[in-house]
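The chain contents come next:
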4 protein chains.
Amino acid sequence: PTPSLERLSKRARLLPSSPIELETSSSSRILSFPPSHALSSWSAPPRTLLLVQKPDDSRVRSTMESVLSHLTTRYPHLRLIVEPHTARDHPEFHDLTVVEKEDRALLGLHTELILTLGGDGTVLHVSNLFGQGECPPVLCFSMGSLGFLLPFHIDSLAEALHTTLTGPVPVLNRMRLACTPVSASGEVLDRCSDMIVGDAGWQVMNEVTLHRGGQRPLVVVDAYFDGQHLTEAVADGLLLSTPTGSTAYSLAAGGPISHPETDAFLLTPIAPRSLSFRTVILPGRGVVKLQVSDRSRAPAELLVDGREICMLHSGESVIIAKSPFPIPCIERSEGGNSWVRDINSLLQFNVGFRNKSLAPGGSGD
Amino acid sequence: PTPSLERLSKRARLLPSSPIELETSSSSRILSFPPSHALSSWSAPPRTLLLVQKPDDSRVRSTMESVLSHLTTRYPHLRLIVEPHTARDHPEFHDLTVVEKEDRALLGLHTELILTLGGDGTVLHVSNLFGQGECPPVLCFSMGSLGFLLPFHIDSLAEALHTTLTGPVPVLNRMRLACTPVSASGEVLDRCSDMIVGDAGWQVMNEVTLHRGGQRPLVVVDAYFDGQHLTEAVADGLLLSTPTGSTAYSLAAGGPISHPETDAFLLTPIAPRSLSFRTVILPGRGVVKLQVSDRSRAPAELLVDGREICMLHSGESVIIAKSPFPIPCIERSEGGNSWVRDINSLLQFNVGFRNKSLAPGGSGD
Amino acid sequence: PTPSLERLSKRARLLPSSPIELETSSSSRILSFPPSHALSSWSAPPRTLLLVQKPDDSRVRSTMESVLSHLTTRYPHLRLIVEPHTARDHPEFHDLTVVEKEDRALLGLHTELILTLGGDGTVLHVSNLFGQGECPPVLCFSMGSLGFLLPFHIDSLAEALHTTLTGPVPVLNRMRLACTPVSASGEVLDRCSDMIVGDAGWQVMNEVTLHRGGQRPLVVVDAYFDGQHLTEAVADGLLLSTPTGSTAYSLAAGGPISHPETDAFLLTPIAPRSLSFRTVILPGRGVVKLQVSDRSRAPAELLVDGREICMLHSGESVIIAKSPFPIPCIERSEGGNSWVRDINSLLQFNVGFRNKSLAPGGSGD
Amino acid sequence: PTPSLERLSKRARLLPSSPIELETSSSSRILSFPPSHALSSWSAPPRTLLLVQKPDDSRVRSTMESVLSHLTTRYPHLRLIVEPHTARDHPEFHDLTVVEKEDRALLGLHTELILTLGGDGTVLHVSNLFGQGECPPVLCFSMGSLGFLLPFHIDSLAEALHTTLTGPVPVLNRMRLACTPVSASGEVLDRCSDMIVGDAGWQVMNEVTLHRGGQRPLVVVDAYFDGQHLTEAVADGLLLSTPTGSTAYSLAAGGPISHPETDAFLLTPIAPRSLSFRTVILPGRGVVKLQVSDRSRAPAELLVDGREICMLHSGESVIIAKSPFPIPCIERSEGGNSWVRDINSLLQFNVGFRNKSLAPGGSGD
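Residues numbered from 1 in each chain as written. Chains lettered and ligands numbered in written order. Predicted model: local features only at pLDDT ≥ 70, side-chain atom pairs only at ≥ 80, totals over all residues. Heavy atoms only, no water.

A.B. asks: I would appreciate a short explanation of the overall build of chain A in the present structure.
C.D. replies: Assigned secondary structure in chain A consists of eight helices and 22 strands. Classification of the 365 residues of chain A by burial places 62% in the buried group. Residue pairs at least 24 apart in sequence account for 70% of intrachain contacts in chain A once pairs closer than 6 positions are excluded. Here chain A has roughly 13100 Å² of accessible surface; of this, 52% comes from carbon and sulfur atoms. (Helix = DSSP H or I, 4+ residues; strand = E, 2+ residues; numbered from the N terminus. Buried < 20%, exposed > 50% of the residue type's maximum accessible area, 1.4 Å probe, protein only. Contact = heavy atoms within 4.5 Å. Areas by Shrake-Rupley, 256 points an atom, 1.4 Å probe, with all protein chains shown as cover.)

In structure tokens:
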């Protein structure tokens, strides 16, 4: 079911209601990045919806049934696209368009809106599904547990869906990283078979990691920023995180917490053999290269968003820049920034000592 | 009311039930330290009890009234010693022995047991009262709030008191630091007027701190261990903490958490001008010297347990060793070590992320 | 010597050679921020030069004499402006325009270019001199020692000056913070006498700090971002830093290292009474409020770039946003970004263990 | 060549010159630990010497040849024991006693002194060779590079050897951990085939680690101290380190630096999923249990001193206590504690900022 060009040009999009702000990259390429946060409206009413459901979870499955009932009843004109496991879970719904694994590349052409049901991992899966290009807006529902990427509770389904389909809605464009593994001579590594690297590289939501994995010898990685050698890391691993990823593996490795709208990368080592390594914050306009050093005694495992991609050998590297394809996350209209709520409730950021004394020098009473 | 020598020799003491373990210091002096944790019994029934009450707190005041009633009724033979503010708070009790501030030095001769009512600060006050020598056993009651130094809830007063007065009871000897400020030529600084430094120095329960205070220029302090230069700290301050103090100012400055029985000091800087400073753990058998450097542009404030003592100028230092006079804290007989409970409940040590995912690489679901 | 309006309109400026990139603030005010890094050219040949010299330093003084000789000989048309101490140091130069302290407000009208000689502190002094508005471009020379704000060695005076006066030159616009102390009801605090707060607030290069100073009780500060309560800090202090300031006090307090072009603030506590406080990275487009809590037992000292401004009492706060007036720092044309060099050479960032083993698990050979 | 019992009873030993200090363990077992640092003398002149040489290193090999020449010439009565690779490297020496891998268990009976040549790893290898019981004194030579376990430079061979063989010499007894993997029901796991666990467990010099290794899901480990649940770690790994090991993997994971004589364990997580985990210092008298949680989705890899031992599954654990068999390291008689020198020269502990300013608030000049 390949769409006609005409159809494509008419694909509904959520566009910022106010004029677009343009940033000019410092390099010769000129890329346009969408604003990180903007009230957005549909260019036309959306007609296709991709449903992404956490697999192997009976609670999610039965809730998805209610979602499907609601959608088919209230929005019969919407074409519903699902993954095979969702189709199998709900055989009573006959009009679902099933996208097989080998047809995923077509998803980008057909999908105007995405609805997810599950945890933060479900949103990472969406990022992965749209790992090679533009991602449609995502409306994320939780089953009740909190999550950084889950602004809506499933109980608010009807209202949130209505607001989203009619617009305008606030959209948070979460930065992704575009990463490309290259050989010592700078050619794209096609060896990384699981990952079809296109022109734009692979799009990553949380972090790109080089890690020694089960391999025993330490990783030795040279980090470059805009072509300049920044440092050599001798460590269990080294990762470059988006602001969104700052609350994932980067945090465990000791990194700071970043607001999701910050236009920056965070470079953080995992168990570095140095007393003086700290997270380095780099401006989002630049290009980072992480190269396995010639001093490294073993290859390093390349992981994106926690998934193993391939091994990089001495001289090989991964090139990382801000992706032109962020994840447009639909936010709640009221109630303030959910990130502030999340770092407090999820991470228990800065919980005080329960007997925290306001007395001098730590000597309580 | 100076006691006769005979009386003194008969002062009741809580002594370890098992044979005493002796440690021989590496230096030529030979000191005997009590075991850090031991079941202890009275050499004779205690006849004097010092009551220490948090001042200016109406809840504590009215509870102390019940304590006094209980004591005078149930243990009429006990001589009750109090500070002036406690006597003023409870004029209806006529038989209290009041120790004026200028007579504090006599407390050590008369006191066989101490009962405190208030927060952790009350115990620090006890350490201060017995800041120049041996401290009798302390039985600490909280008003309900948790505290590292508060094993007993006031509701268990009758039972805890009975067990303690009859024994045996578990006693945790909390290490104190003996510290002495000295001139560049090594003489004891008598300028530090608020602090009468005797032969044993001043006894400190949490930490000894050199800090720039309101003084703007940074502190430059040379730290020595057993006479050997360890490092030069350029920082807001530098502190040496006991294991007990590891959960006070030392923790705020970034130091680790130590079990109270560890025989060690923790040397931790406050906002050091170095990427590579970490807490240093030193064996309790040694001697630490913190000396204000000749490079320091301003004197440093010397604080013990959060109280300002005096300013130290370039070349002056504070000498710190393990005190032969720990604080014998009476512990609960059952329920395991309260420190484990406290670091979890008070500090909220290692509270997990609420959505903590067990999935790979920080990618939740 | 007040300039005519005509003269003013013709004041020479360094302007980006490429078209200006505009950012639209999220608030209703629309501000235009200059690009963080751009090759810039003069709108007209500069005719005035402010010389800023580190005071009370004989080496700097004699070097400044050479600088003055070079300037008067090679660029006789340049009007040289100096501070009183520089005029006193160099009585043999008669044509210097001296700006008395009370006339500093005029500096902005007259100065087209600034040349500094001394350490990083000299550049902070420039920021202070132009603390209430726009700052002209600054060409910074060191006497040989390294500094984050010192791209040029004095030995390259002739060449660097020539390149700068003719242009184009690379300019790094270092973000400043605009900060305003306000009362509980939101009115500007005019009590802070040393600091004339104008419409734009006070411009700060490194960091804004609330600190308990010599005041003993801990600071309790509520931090807000875009009006939303972020956290309550119980600490020795709390600071908000620019990327430039990330290598100053913020680093000592444990914060990460930021590239100077990152468009972000760093919120970092000093000795927080919490195990779970980390630096928070906030996008530069937002507004931060640090408010002394009603729970605070004492006022907090407000410091900007390390200078005490005034005490803030419970309910009072300081409002901080990105300043529209960065410090335009002239950079070297070749040799890569000096920040990368500086974090390695000045901070000794990530120096490895000298015997750093690449063997498994920290077990070297 | 099994020694007669008579011979064994006469095995030469280095014994503390001063009376032995005894510690009584809190458990019912009564163990005697040697003093951590003491001047020691031989009970009889040593007659056997085990030579341990770093393999596959041509510089070490040729230096070992000189060592062998020196020994056979100067100390012809000494029986020299070597590993097979050393015998192969030096066929010209015919009188070497070669200990095959399967005879290692006999080493403890025959060896009176050990000489190592190589890096820190060589000493870890010695610990491994004597991994099931007592270890004879070790005299460690470096080839020039620094190392925490290498007090002597090979150039001082003749003198150091002479002093050591005649005594008295200072001996630092480096704590080892005795660790035993046990099943959920508390039985010793004999599945861990590479590691013959005897009554005393396996002796470990640096650290015991549970790590997810190449296994992707996070490790979930419950840590117990003296039978009491301390915390649940969700992390890449969790390690318990000796003071000696505090400068190895523990340091990379963010732990503090401990003096080698401290009688304590350090519990440190690797990349924990918690903002509020800190290293915990535990007294050396206690028992630590690290148990793979039932919540763990995958087994954890057990490593001792960086070597993989086996996988532990949910419910299985490793029990760790202070070993009664430390590594007696012969120290230099002069020049102070080498640990102080090493943390400064090897780790570059607390290297200051090169432009470290003593000015207020991090604002240098």
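A.B. asks: Where do I start with the pairing of strand β18 (residues 287-292) of chain D in this structure?
C.D. replies: Residue and element names in this part refer to chain D. Where strand β13 (residues 219-225) meets β18, five bridges bridge the pair, whose relative direction is antiparallel. Within the sheet, the bridge partner assigned to V221 lies in β18 and is V292. Both β18 and strand β21 (residues 317-322) contribute to a ladder of five bridges, which runs antiparallel. The residue of β21 that forms the bridge with L290 is V318. (Pairing = 2+ DSSP bridges.)

A.B. asks: Mind showing me how you'd approach helix α2 (residues 58-74) of chain D here?
C.D. replies: One turn of an α-helix holds 3.6 residues; hence residues three or four places apart share an orientation. Residue and element names in this part refer to chain D. Taking 1.5 Å as the rise per residue, α2 with 17 residues should run 24 Å; its terminal C-alpha atoms sit 24 Å apart, in good agreement. The inward-facing, buried residues of α2 abut β3 (48-53), β4 (79-82), α3 (84-89), β6 (113-117) and α6 (157-166). Between a side-chain oxygen at the N-terminus of α2 and the backbone nitrogen of R59 the separation is 3.0 Å; the capping residue is D57. (Expected span 1.5 Å × (residues − 1). Polar contact = N/O pair within 3.5 Å; in protein donor to acceptor, adjacent residues only side chain to side chain.)

A.B. asks: What is the right way to look at unusual backbone geometry in this model?
C.D. replies: With glycine set apart, most residues show a phi of negative sign, and most peptide bonds adopt trans. Omega for the peptide link from B:G167 to B:P168 comes to -5°, which places this bond in the cis form. Structurally, B:P168 is set in the loop between α6 (157-166) and β9 (169-174). Phi at B:N350 takes a positive value of approximately 50°, unusual for a residue other than glycine. Relative to the assigned elements, B:N350 resides in the segment after α8 (338-345). The exposure class assigned to B:N350 is buried, which follows from its relative accessible area of 8%. A positive phi angle is found at D:D226, which is not glycine, with a value near 50°.

A.B. asks: Whenever I open this one, the packing of aromatic side chains confuses me. Can you help?
C.D. replies: Within a pair of aromatic rings, the relevant descriptors are the distance that separates the centres and the angle that separates the planes. Per the counting criterion, the structure on display carries eight aromatic pairs over all chains. Considering the side-chain rings of B:F349 and D:F277, the 4.9 Å spacing of their centres and the 80° angle between planes classify their relative orientation as edge-to-face. On the criterion of chain membership, the pair formed by B:F349 in the segment after α8 and D:F277 in the loop between β16 (264-272) and β17 (280-283) is interchain, its members lying in two chains. In terms of burial, B:F349 and D:F277 fall into one category: buried. (Phe/Tyr/Trp six-rings, centres within 6.5 Å; stacked < 30°, edge-to-face > 60°.)

A.B. asks: Explain the pairing of strand β22 (residues 327-330) of chain B here, please?
C.D. replies: Each regular strand carries side chains that alternate between the two faces of the sheet. Residue and element names in this part refer to chain B. Burial along β22 is two-sided: the residues I327 and C329 and P328 and I330 are all buried. For β9 and β22, the ladder comprises four bridges, and the chain directions are antiparallel. In the strand pairing of β22, R174 is matched with I327.

A.B. asks: Any chance you could explain the pattern of salt bridges here in plain terms?
C.D. replies: A side chain of one charge can pair with a side chain of the opposite charge when the charged atoms of the two come close. With the rule as written, the count across this model stands at 48 salt bridges over all chains. Residue D:K322 is joined to D:D263 by a salt bridge in which the shortest nitrogen-to-oxygen separation is 2.8 Å. Taken together, the positions of D:K322 in strand β21 and D:D263 in the loop between β15 (257-258) and β16 put the pair 59 residues apart, joining distant regions of the chain. You can call D:D263 partly exposed: its relative accessible area is 21%. One salt-bridge network, in which partners are shared between bridges, spans A:R11, A:R13 and A:E134. (Salt bridge = Lys/Arg side-chain N within 4 Å of Asp/Glu carboxyl O.)

A.B. asks: Can you help me understand the confidence of the model for chain A in this one?
C.D. replies: Fine structural detail should not be taken from predicted coordinates in areas where pLDDT scores are low. Residue and element names in this part refer to chain A. Scored by pLDDT, chain A has a mean of 87; 87% of the residues are at 70 or more. Residue range residues 19-30 is modelled with pLDDT below 50. Its contacts to residues more than four positions away, or to other chains, number 14 contacts. Note on residues 355-365: pLDDT under 50 across the span, and 46 contacts to partners over four residues away in sequence or across chains. (pLDDT = per-residue confidence, 0-100.)

A.B. asks: What should I look at first to understand helix α8 (residues 338-345) of chain D in this one?
C.D. replies: Burial analysis of α8(D) places six of its eight residues in the buried class, the great majority of the element. All buried positions along α8(D) are accounted for by D:S338, D:W339, D:V340, D:D342, D:I343 and D:S345. The inward-facing, buried residues of α8(D) contact β14 (228-241) and β17 (280-283) of chain B together with β15 of chain D.

A.B. asks: Please clarify how the packing of helix α2 (residues 58-74) of chain C against helix α6 (residues 157-166) of chain C should be interpreted in this entry.
C.D. replies: Residues and elements named next belong to chain C. Where α2 contacts α6, the axes come no closer than 11 Å and their chain directions differ by 45°. Here α2 is positioned oblique relative to α6, judged by the angle of their axes. Note that α2 runs across α6; the crossing there is right-handed. Two secondary-structure elements touch here, α2 through V67, H70, L71 and R74 and α6 through L157, A158, L161 and H162. (Axes fitted to C-alpha atoms, helices over the stretch in contact; angles between N-to-C directions. Parallel < 35°, antiparallel > 145°, perpendicular 65-115°, else oblique. Left-handed = near helix turned anticlockwise from the far one by under 90°.)

A.B. asks: Looking at this structure, I do not really get the side chain of C:Q291. What am I missing?
C.D. replies: Residue and element names in this part refer to chain C. Inspection of the secondary structure puts Q291 in strand β18 (residues 287-292). Overall, the relative accessible area of 14% leaves Q291 in the buried class. In this structure the side chain of Q291 is engaged in a polar contact, spanning 2.8 Å, whose partner is the backbone oxygen of G315.

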